[in-house]
Amino acid sequence: MPETARRGDRIAASRYGNRPTMKDVAARAGVGLKTVSRVVNGEPGVTPDTERRVQEAIDALGFRRNDSARVLRKGRTASIGLVLEDLADPFYGPLSRAVEEVARAHGALLINGSSAEDPEREQELVLALCARRVDGLVVIPAGDDHRYLEPELKAGVATVFVDRPAGRIDADVVLSDSFGGARDGVAHLIAHGHRRIGFIGDMPRIHTAAERLRGYRAAMEDAGIAVADTWMSLGVTDPERVRRAAEEMLAGPSPVTAIFAGNNRVTVTVVRVLAETGRPVALVGFDDFELADLLRPGVTVVAQDAAALGRTAAERLFRQLDGGPLGPERIDLPTRLIQRGSGELPPAP
């Protein structure tokens, strides 16, 4: 084999998979393994000159400490897992960032993944994170049965659920007030003269969708308004399904004069439908979204604080890890109605 080929193989071998070890550092610096270990771990007992030689060897070789042994000694990995519904959903951006900031403040690494609203994928992802020995989990659940987590909880994996409660186990959960927020949003439409109000939401098996539907019904009942079945539509939030639901509610001799949208994805599709029809239909959406204030009219929303959800959940998680209260706790965060114009339109004559 040509020398250049052999040299290329050696370079490839050193670049992929054969990382420098403490033994390599010790050989280059001309010291023992224990001395390298002391320098790497910031322990005393090394002269300044020796420490300098070891550090120069570390820099030259590109050595990075392998924390696996430290994990085995201490029983902690300084990492937590975050399981989201959809990483592409803008709602989860500030939530994820808040969890990461709290983790960073505690010297921990955040590993996240998406369940894609699939209970089986959620379980696979959660157990994969546990197999990698994360210290704790923050989970936005896709399923409604979390008994698969019981062995991990008994083994000491701290866990907090966010946005939706766990199913069939007792666990900490941090929620927004979906019921109260939806009730306030629909009551706002009623206060502006609307009586035929449509509701378009997510799949009914999802806790937040069910709670927001319950809030819608409660507001209508409080106002003495009978709800027609054709005014409610729950299902997947893809644009085609939401568009069809909105168009059906706006059709016929007695169309709805206002729509309450169950989440930001639904709201965006309804905005497009209303823009195409040109009809002055009032709209309130649950969840704020980017540019909602720049539309004409601006979109009135029931805003929840995604960052506060993530921050509160992460802080609760680290309290568990630090030996805090062990009893399951439910924390409800308030929502806020933001009036921008679309929810204040009167019924069309």
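What counts, and at which threshold
Residues numbered from 1 in each chain as written. Predicted model: local features only at pLDDT ≥ 70, side-chain atom pairs only at ≥ 80, totals over all residues. Heavy atoms only, no water. Buried < 20%, exposed > 50% of the residue type's maximum accessible area, 1.4 Å probe, protein only. Helix = DSSP H or I, 4+ residues; strand = E, 2+ residues; numbered from the N terminus. Contact = heavy atoms within 4.5 Å. Domains from an automatic or database assignment. Phe/Tyr/Trp six-rings, centres within 6.5 Å; stacked < 30°, edge-to-face > 60°. Lys NZ or Arg CZ within 6 Å of the ring centre and 35° of its normal. Pairing = 2+ DSSP bridges. Axes fitted to C-alpha atoms, helices over the stretch in contact; angles between N-to-C directions. Core = buried A, V, L, I, M, F, W, Y, C linked by side-chain atoms within 4.5 Å. Expected span 1.5 Å × (residues − 1).

Q: I tried to follow helix α3 (residues 33-40) on my own but got confused; where do I start?
A: Because an α-helix completes one turn every 3.6 residues, residues spaced three or four positions apart along the sequence face the same direction. Those residues of α3 not exposed but buried are Thr35, Val36, Ser37, Val39 and Val40. Elements in contact with the buried residues of α3: α2 (22-29) and α4 (48-61). Within two residues after α3, Gly42 carries a phi angle of roughly 65 degrees, on the positive side.

Q: Explain the domain arrangement of the chain to me, please; I cannot follow it from the model alone.
A: A common way to state how big an interface is: give the accessible area lost once the parts meet. Under the domain assignment, the chain is made up of domain 1 (2-65), domain 2 (77-176 + 306-333) and domain 3 (178-305 + 337-344). Put simply, the middle of domain 1 and the middle of domain 3, counted by C-alpha atoms, are 62 Å apart.

Q: Would you mind showing me how to read the packing of aromatic side chains here?
A: Note on aromatic pairs: each is described by the distance of the centres and the angle between the planes. Throughout the structure, instances matching the rule amount to three aromatic pairs. Taking 5.1 Å as the distance between ring centres and 75 degrees as the angle between the ring planes, the aromatic pair formed by Phe91 and Tyr92 counts as edge-to-face. Exposure remark for Phe91: the relative accessible area of 9% places this residue in the buried category. Arranged with centres 5.3 Å apart and planes meeting at 40 degrees, the rings of Phe199 and Tyr216 form a pair that is tilted. With Phe199 in strand β6 (residues 197-201) and Tyr216 in helix α10 (residues 207-222), this residue pair connects regions lying 17 residues apart in the sequence. Residues Phe199 and Tyr216 agree in their burial class; the two are buried. Aromatic ring contacts, followed pair by pair, group Phe199, Tyr216 and Phe260 into a single cluster. In this arrangement the basic side chain of Arg212 is found over the ring face of Phe286, its NZ or CZ atom lying 3.8 Å from the centre.

Q: Help me understand the sheet that holds strand β12 (residues 336-338) in this model?
A: Strand-to-strand pairing in sheets goes through backbone hydrogen bonds, with the strands running parallel or antiparallel. Taken together, six strands build an open sheet; the order of strands is β7-β6-β8-β9-β10-β12 and the sheet is mixed. For this open sheet the edge positions go to β7 (232-234) and β12, each flanked by a neighbour on one side alone. The sheet shows a mean angle of 15 degrees between the axes of neighbouring strands, taken without regard to direction. Here strand β8 (residues 258-261) pairs with strand β9 (residues 282-286) via four bridges, running parallel. Among the inter-strand pairings, Ala258 is bridged to a residue of β9, identified as Ala282. Contacting β6, β7 and β9, α10 crosses the sheet at an angle of about 170 degrees to β6. Running at roughly 160 degrees to β9, helix α12 (residues 264-277) makes contact with β6, β8 and β9 of the sheet.

Q: Explain the environment of Ala29 to me, please; I cannot follow it from the model alone.
A: Along the chain, Ala29 turns up in helix α2. Taking C-alpha positions, Ala29 is 8.6 Å from Gln55, a pair spaced 26 residues apart along the chain. When near neighbours in sequence (up to four residues on either side) are disregarded, Ala29 contacts Arg53, Val54 and Ala57.

Q: In this structure, what is going on with the nonpolar core? I would like to understand it.
A: The nonpolar side chains of a soluble globular protein tend to be buried with one another. In this structure, Ile200 and Tyr216 are the most contacted members of the largest nonpolar core, which totals 41 residues. Residue assignment for this core shows that the elements contributing at least two residues are α9 (178-191), β6, α10, α11 (239-249), β8, α12, β9 and β10 (300-303). Top contributing element to this core by residue count: α12, with five residues. Not counting residues within four places of it along the chain, the set of residues in contact with Tyr216 comprises Ala182, Val186, Ile197, Gly198, Phe199, Val227, Trp231 and Met232.

Q: What am I meant to see in α10 here?
A: Between its first and last C-alpha, α10 extends 22 Å over 16 residues, near the 22 Å set by a 1.5 Å rise per residue. Restricting attention to buried positions, one finds in α10 the residues Thr208, Ala209, Glu211, Arg212, Leu213, Gly215, Tyr216, Ala218, Ala219 and Met220. Packed against the buried residues of α10 are α9, β6, β7 and β9. Following α10 by one or two positions, Gly224 has its phi on the positive side, about 70 degrees.

Q: What am I meant to see in unusual backbone geometry here?
A: What you tend to see is this: most non-glycine residues have negative phi, and most peptide bonds are trans. Of note, the bond from Arg296 into Pro297 is cis; its omega dihedral lies within 30 degrees of zero at -5 degrees. With respect to the element layout, Pro297 can be found in the loop between β9 and β10. Despite not being glycine, Ala116 has its phi angle at roughly 55 degrees, a positive value. With respect to the element layout, Ala116 can be found in the loop between β2 (109-114) and α7 (119-131). We classify Ala116 as partly exposed; its relative accessible area is 45%.

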